[in-house]
Amino acid sequence: MTSTPPTSRPPARRRPTTVILATTALALAAVPAFAAVSALAPSAASAIPTPQKACASPGLTLSGGTGPYQPMGVSVTVNDGTSSRNIVVFTSLDGNVAPNGEMRLSWSVDGGAVTDFTYGPGNIAENQQFDGTRTAMDVIPLGPGTHTLTPEFRLSGGTSASGIVDRLCVVAEANTK
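Residues numbered from 1 in each chain as written. Predicted model: local features only at pLDDT ≥ 70, side-chain atom pairs only at ≥ 80, totals over all residues. Heavy atoms only, no water.

A. A look at the overall build of the protein chain. Per the secondary structure count, the protein chain includes one helix and ten strands. Listing the helices and strands of the protein chain from first to last along the sequence gives α-β-β-β-β-β-β-β-β-β-β. Across the 177 residues that make up the protein chain, the buried fraction comes to 30%. In the protein chain, 80% of the contacts between residues at least 6 apart in sequence involve partners at least 24 apart. (Helix = DSSP H or I, 4+ residues; strand = E, 2+ residues; numbered from the N terminus. Buried < 20%, exposed > 50% of the residue type's maximum accessible area, 1.4 Å probe, protein only. Contact = heavy atoms within 4.5 Å.)

B. Fine view of the state of the cysteines. Taken as a whole, this structure holds one disulfide when the rule is applied. Residue pairing for Cys 55: its cysteine sulfur links by disulfide to Cys 169, the two sulfurs lying 2.0 Å apart. The chirality of the disulfide connecting Cys 55 with Cys 169 is right-handed, given an S-S dihedral of about 110 degrees. Of this pair, Cys 55 sits in strand β1 (residues 53-56) while Cys 169 is found in strand β10 (residues 162-173), placing the two residues 114 residues apart along the sequence. Exposure remark for Cys 55: the relative accessible area of 45% places this residue in the partly exposed category. We classify Cys 169 as partly exposed; its relative accessible area is 26%. (Disulfide = S-S within 2.5 Å.)

C. Quick peek at the pattern of salt bridges. Tallied over the full model, the rule gives four salt bridges. As a salt-bridge pair, Glu 102 and Arg 104 come within 2.4 Å of each other at their nearest N and O atoms. (Salt bridge = Lys/Arg side-chain N within 4 Å of Asp/Glu carboxyl O.)

D. Structural context of the pairing of β10. The sheet contact formed by β1 and β10 spans four bridges and is antiparallel. Across the sheet, Cys 55 pairs through a bridge with Cys 169, a residue of β10. As paired strands, strand β2 (residues 60-63) and β10 are joined by four bridges and run antiparallel to one another. Bridge pairing in β10 links Leu 60 to Val 165. In the sheet, strand β5 (residues 85-97) pairs with β10 via ten bridges, with the strands oriented antiparallel. Looking at β10, one finds that Ser 92 is bridged to Cys 169. (Pairing = 2+ DSSP bridges.)

Structure below.
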């Protein structure tokens with residue numbers, strides 16, 4: 001294989017220093033105008049409003065196999081206004097489950113009862129040697145008004161099963177523009 005040698009270019013012309021100074025002076029003169037424009041511009045909007053996102057480090061240890069659902073200490077709030085809509089919720093957590101068990105995830109809506117596989121896949125973690133990051137997406141149909149969504153977890157498995165949730169974040173996407 002042969003390659004083409006690079007082409008040589010003539011050296012760049014030296015530009016007069018006065019042009020550089022003039023350009024610098026123009027740039028400095030433009031700074032106050034730019035600063036005024038950026039001060040008047042609206043600030044960037046958050047993609048997810050604060051009530052619709054939450055993180056926590058519950059350090060929760062679940063044990064004893066098939067037990068009740070446990071809240072993690074975080075909730076998100078969405079306002080559907082006068083419409084019913086499907087809300088997309090995401091949960092991401094660092095956690096682990098000991099052998100012979102799996103960790104289940106479901107959602108309490110407005111403090112209501114939590115059951116397996118109501119809104120999404122249900123199984124968020126199974127045994128592995130170390131903590132791992134796990135993420136689930138669920139779709140929750142909600143009626144009009146303001147609603148509070150709380151992720152809850154439980155273990156499914158034998159009496160020796162145990163699990164840990166070290167840190168988690170939840171996001172609810174209600175309206176996007």
